[in-house]
Amino acid sequence: MPQIVILPHPVFCPEGAVLDGQSGKSICDTLLENDIEIEHACDRVCACTTCHVIVREGFDSLNEQEEKEEDMLDKAWGLEPNSRLSCQAIIADEDLVVEIPKYTINHAAENH
């Protein structure tokens, strides 16, 4: 079972966290199931960038990005070469280190 290290984020995970990941599940679903309430304004259908994360380690183990995700990521705040939409990033068997960016382009957080 891969581990997911979440780097500290002032709002969503101030202390950081180490989570057990499940192969075949998205990073977003894993965060939400572990009470890390990352924004996901489009309800995880790849129609916004509020669940944007930066994968610091293990990026190449994730599933390939589809064109729709690549297009959406172009709108993300703080885009980096190892950015993914967490709703589209499917965990494989390798450990991950994930950073949640400080900001999103959302002006108000959605409450799901």
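Parameters at a glance
- Residues numbered from 1 in each chain as written.
- Predicted model: local features only at pLDDT ≥ 70, side-chain atom pairs only at ≥ 80, totals over all residues.
- Heavy atoms only, no water.
- UniProt positions renumbered as here; feature names shortened; annotations may be inferred.
- Helix = DSSP H or I, 4+ residues; strand = E, 2+ residues; numbered from the N terminus.
- Contact = heavy atoms within 4.5 Å.
- Areas by Shrake-Rupley, 256 points an atom, 1.4 Å probe, with all protein chains shown as cover.
- Lys, Arg positive; Asp, Glu negative; His and termini not counted.
- Charge placed at Lys NZ, Arg CZ, Asp CG, Glu CD.
- Pairing = 2+ DSSP bridges.
- Axes fitted to C-alpha atoms, helices over the stretch in contact; angles between N-to-C directions.
- Core = buried A, V, L, I, M, F, W, Y, C linked by side-chain atoms within 4.5 Å.
- Buried < 20%, exposed > 50% of the residue type's maximum accessible area, 1.4 Å probe, protein only.
- Polar contact = N/O pair within 3.5 Å; in protein donor to acceptor, adjacent residues only side chain to side chain.

Named according to an unreviewed UniProt entry, the protein is 2Fe-2S ferredoxin originating from Massilia norwichensis. Checking UniProt for the protein, the heading Sequence similarities (unreviewed entry) contains the comment "Belongs to the adrenodoxin/putidaredoxin family." What UniProt records for the protein under Cofactor (unreviewed entry) is the sentence "[2Fe-2S] cluster".

Help me out: how do you make sense of the overall build of the protein in this one?
Secondary structure summary: the protein contains two helices and five strands in total. Each helix and strand of the protein, ordered N terminal to C terminal, gives the series β-β-α-β-α-β-β. Its C-alpha atoms give the protein principal-axis dimensions of about 35 × 30 × 25 Å. In the protein, 66% of the contacts between residues at least 6 apart in sequence involve partners at least 24 apart. Total accessible area on the protein is roughly 6,200 Å²; 45% of this is exposed by carbon and sulfur atoms. The averaged location of the 23 negative side-chain charges in the protein is 5 Å from the averaged location of its 7 positive side-chain charges.

Just checking my understanding: could you explain the sheet that holds strand 5 (residues 96-99) for this structure?
What links the strands of a sheet is backbone hydrogen bonding, and the strands pair in either a parallel or an antiparallel sense. The sheet built from five strands is open, its strands ordered 2-1-5-3-4 with mixed pairing. Whereas interior strands pair on both sides, the edge strands pair on one side only; in this sheet they are strand 2 (17-20) and strand 4 (83-85). Strand-to-strand twist across the sheet, computed as the mean angle between neighbouring axes with direction ignored, equals 35°. As paired strands, strand 3 (residues 52-57) and strand 5 are joined by three bridges and run antiparallel to one another. Residue pairing across strands places Val55 opposite Val98, the latter belonging to strand 5.

Hey, could you run me through the nonpolar core in this one?
In summary, soluble globular proteins display a tendency toward joint burial of nonpolar side chains. Counting 26 residues, the largest nonpolar core has Ile6, Ile27, Ile36, Ile38 and Leu96 as its most contacted members. Secondary-structure elements contributing two or more residues to this core are strand 1 (3-6), helix 1 (27-33), strand 3, helix 2 (67-73) and strand 5. It is helix 1 that provides the largest number of residues to this core, a total of four residues. Setting aside its immediate chain neighbours within four residues, Ile27 contacts Val55, Leu62, Ser86, Ala89, Ile91, Leu96 and Val98.

When you look at the side chain of Thr30 in this model, what are you seeing that I'm missing?
Position of Thr30 relative to the elements: it lies in helix 1. Residue Thr30 is classed as buried on the basis of its relative accessible area of 3%. There is a polar contact of 2.9 Å between the side chain of Thr30 and the backbone oxygen of Ser26. Setting aside residues no more than four positions away along its own chain, Thr30 makes contact with Ile4, Leu19, Asp20, Gly21, Lys25 and Ile91.

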